[in-house]
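This is what each chain is made of:
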Amino acid sequence: MQKIRAFHRQSIEHREEFWRREAQRIHWHEPFTEVLDYSRPPFARWYVGGRTNLCYNAVDRWAQIDPDLPALIWVSTEVDKEAVYSRADLAREVNAVAAMLRGLGVGKGDRVLIYLPMIAEAAFVMLACVRIGAIHSVVFGGFASHNLAQRIDDAQPKLVVSADAGSRSGKAVAYKPLLDQALASCAHPPAKVLLVDRGLVPFDAVAGRDVDYATLRARHDGAQEPVEWLESSEPSYVLYTSGTTGNPKGVQRDTGGYAVALAASMDYVFGGKPGDVYMSTSDIGWVVGHSYIVYGPLLNGQATVMYEGLPTRPDGAILWKLVEKYRINAVFSAPTAIRVLKKLDPGLLKRHDLSSLQALYLAGEPLDDTTANWISEGLGKPIIDNYWQTETGWPILSAQPGVEDVPTKFGSPSFPVYGFDVRVVSETTGEDLGPGQKGVVAVQPPLPPGAMSTIWGDDERFVRTYFTSFPGRMLYSTFDWGLYDQDGYWFILGRTDDVINVAGHRLGTREIEESLNSHPAVAESAVVGVADTLKGQVAVGFAVLKDPAALGDAQRALELENDIKRVIEQRIGAVARPARVRFVGALPKTRSGKVLRRAIVALCEGRDPGDLTTIEDPGALEQIKESIKDNA
Ligand code: ATP
Ligand code: MG
């Protein structure tokens, strides 16, 4: 890993030279005068004075070079439709929508809240916003009115763009009533609502407020909307974090730094070239959707596949079928999706021609080595675990095949990515720790281009939330717990909130989950630390079995529980042996697929599980409750 190390070192020690060179990846309408202004730590301004535009770089530039190549491939297994937009088509749609937005009174600096399912219009609107300098804020379509109202009040948009409905598992899910409710309950409703009518669910339009997308679109066909050239640090969008640990934060992103960072990451981290085809299975409501469905691939001249549907419908081979059909070069998904596939026939992974596929990228939650192994063997492809956050916008830790091909270790997101000066530090003092020592994962600021510039409307909260946790040392941290080994491979052990202290031993819940998942009967698991009057804390595991029938009767369940505990004890040691392993049909997760450990702990400790508005399936929490009823 000589090259990766040297590359990383150069990005830190010769920061400005490094990012000056990378800046050539994008078009600058006016050159920048300074690579980095860090005169007001921790606020970093990249490419000061430079003027550019995200939409121009993602759309216009490529449409001029090769207009007929595909840019956006939209596939919906929900409504059984597909559409391929060439670079020229995309430019035409985006220009039309930009004209529509301007016509509705939206201009530079205005916010536009996007509450849409995974339809191509969502990408058009995002790109049209940044074209005219409006700031988009995409809210995940699966959120209900409370979450939506909260975000509307924080962003105070001039316009909301929404649709009649989304679709899940073939059933229409109405959006409009939720939107109407949210608008009725929020303090800052916008004057106008632009609605895409998919014809899925009838609705009543509010006269004077609701505008039909298709009608307006027809009026602006062939529009050529001039680009708003933004100063590099001017905001491109605001996106709220997943809310796993509580109140979501409005992450504000800049323009120039983001464009450069994403274009570079497509090459170095994702091994992509212009003309390649890329697919991320995320949702535009999450950061992965922003960076790696919309902006990253398009900024690098790659086609992006936007998928509305589940990885299991019509069957568990759908992702691989799309790889074959569209000759996809890289797929980006989440461990939670792979764990779903793991419960199905492994033969599904072999059914299609995957010769175009270079690697499968996974992020969002710890990827245990059992799951990584399973999917890697099944597909016969490299698996690249990458670690990052809404805040950083692009990977902090990852293999970087575009820099150097280095073998991965399953269970590890490999190495620090260029630009991020990542450390493992002591939780109490903030001092650097060495190889093999567990501590808090932190980044020595300044954060690189593309990372958040502040919290929307709240600089003070930005500093307090991310930079003030260690006395005497300004470090950026979102409080993940981790270590790196002697070979320089990093491991994320869970969030610091989830660290369990058993008889003085600090264990990441993830370490125990890793062992639990290595049991052949287990599909996925969650381990939490529960207060214990004798030991301070004990580990309690919740396991979902690949085959629920394997549970059998109470006797068989007890045998299985003991068997699992034995595996954990053998792999980590007696300290990690959970007090109980409970069997459930599903784990409570956020809508972005993260296990809600804080809610499980609360239930185990007999407390109220708190804010559950981001939960995917409330039934899963009921199952946890049910499973601990005996309280043994
Ligand atoms: P909130 O900040 O609102 O509580 P969140 O932290 O879940 O929500 P995201 O930005 O979506 O919001 O997620 C980032 C977090 O996800 C990381 O801080 C880390 O805990 C976890 N994570 C992401 N990728 C990985 C990975 N590859 N391995 C382990 N953990 C990961
Ligand atoms: Mg977070």
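Residues numbered from 1 in each chain as written. Chains lettered and ligands numbered in written order. Predicted model: local features only at pLDDT ≥ 70, side-chain atom pairs only at ≥ 80, totals over all residues. Heavy atoms only, no water.

Under an unreviewed UniProt entry, the name given to the chain is Propionate--CoA ligase, and the organism recorded is Candidimonas nitroreducens. As recorded by UniProt, the Sequence similarities (unreviewed entry) comment attached to the chain reads in full: "Belongs to the ATP-dependent AMP-binding enzyme family." (UniProt positions renumbered as here; feature names shortened; annotations may be inferred.)

A. Just helix 10 (residues 287-299), in detail. Here helix 10 spans only 16 Å end to end across 13 residues, well under the 18 Å set by a 1.5 Å rise per residue. Counting buried positions along helix 10 yields 13 of 13 residues, so the element is predominantly enclosed. Just downstream of helix 10 lies Gly301, where phi reads positive at about 70°. (Helix = DSSP H or I, 4+ residues; strand = E, 2+ residues; numbered from the N terminus. Expected span 1.5 Å × (residues − 1). Buried < 20%, exposed > 50% of the residue type's maximum accessible area, 1.4 Å probe, protein only.)

B. View of the environment of Tyr476. Take Tyr476: it is sitting in strand 26 (residues 476-484). Taking the relative accessible area as the measure of exposure, Tyr476 reaches 1% and is therefore buried. Along the sequence, Tyr476 and Phe270 sit 206 residues apart, while their C-alpha atoms lie 25 Å from each other. In contact with Tyr476, other than residues within four places in its own chain, are Gln389, Glu391, Thr392, Ala442, Val443, Pro445, Leu447, Tyr466 and Phe467. Separated by 2.6 Å, the side chains of Tyr476 and Gln389 make a polar contact. (Contact = heavy atoms within 4.5 Å. Polar contact = N/O pair within 3.5 Å; in protein donor to acceptor, adjacent residues only side chain to side chain.)

C. Representation of the pattern of salt bridges within the structure. The full count for this structure, using the stated rule, is 46 salt bridges. For the salt bridge of Asp89 with Arg92, the shortest nitrogen-to-oxygen distance reads 3.5 Å. Here the residue Asp89 and the residue Arg92 both occupy positions in helix 4 (residues 87-103), the gap between them amounting to 3 residues, near one helical turn. For Arg92, a relative accessible area of 39% puts it in the partly exposed group. Across the pair Asp485 and Lys409 runs a salt bridge, and its minimum N-O distance is 2.7 Å. Taken together, the residues span a long stretch of sequence, with Asp485 in the loop between strand 26 and strand 27 (490-495) and Lys409 in the loop between strand 21 (397-398) and strand 22 (415-416) at a distance of 76 residues. Several salt bridges share partner residues, and in doing so they unite Arg21, Glu22, Arg25 and Asp267 into one network. (Salt bridge = Lys/Arg side-chain N within 4 Å of Asp/Glu carboxyl O.)

D. Up close: the domain arrangement of the chain. Per the domain assignment, the segments of the chain are domain 1 (1-481) and domain 2 (503-630). Between domain 1 and domain 2, the contact holds 27 residues from the first and 27 residues from the second. Between domain 1 and domain 2 lies a buried interface of about 2,400 Å² when both sides are counted; carbon and sulfur atoms form 46% of it. A per-residue breakdown of the area domain 1 buries against domain 2 is headed by Thr244, Lys343 and Glu365, which together make up 22% of the total. (Domains from an automatic or database assignment. Buried area = accessible area lost by both parts, 1.4 Å probe.)

E. Summary view of the sheet that holds strand 27. With respect to topology, 4 strands assemble into an open sheet ordered 23-24-26-27, the strand pairing being antiparallel. Edge positions in the sheet fall to strand 23 (422-425) and strand 27, since each of these pairs with one other strand and no more. Pairwise comparison of adjacent strand axes, ignoring direction, gives a mean angle of 45° for this sheet. Across 4 bridges, strand 24 (residues 439-443) lies against strand 26 in antiparallel orientation. (Pairing = 2+ DSSP bridges. Axes fitted to C-alpha atoms, helices over the stretch in contact; angles between N-to-C directions.)

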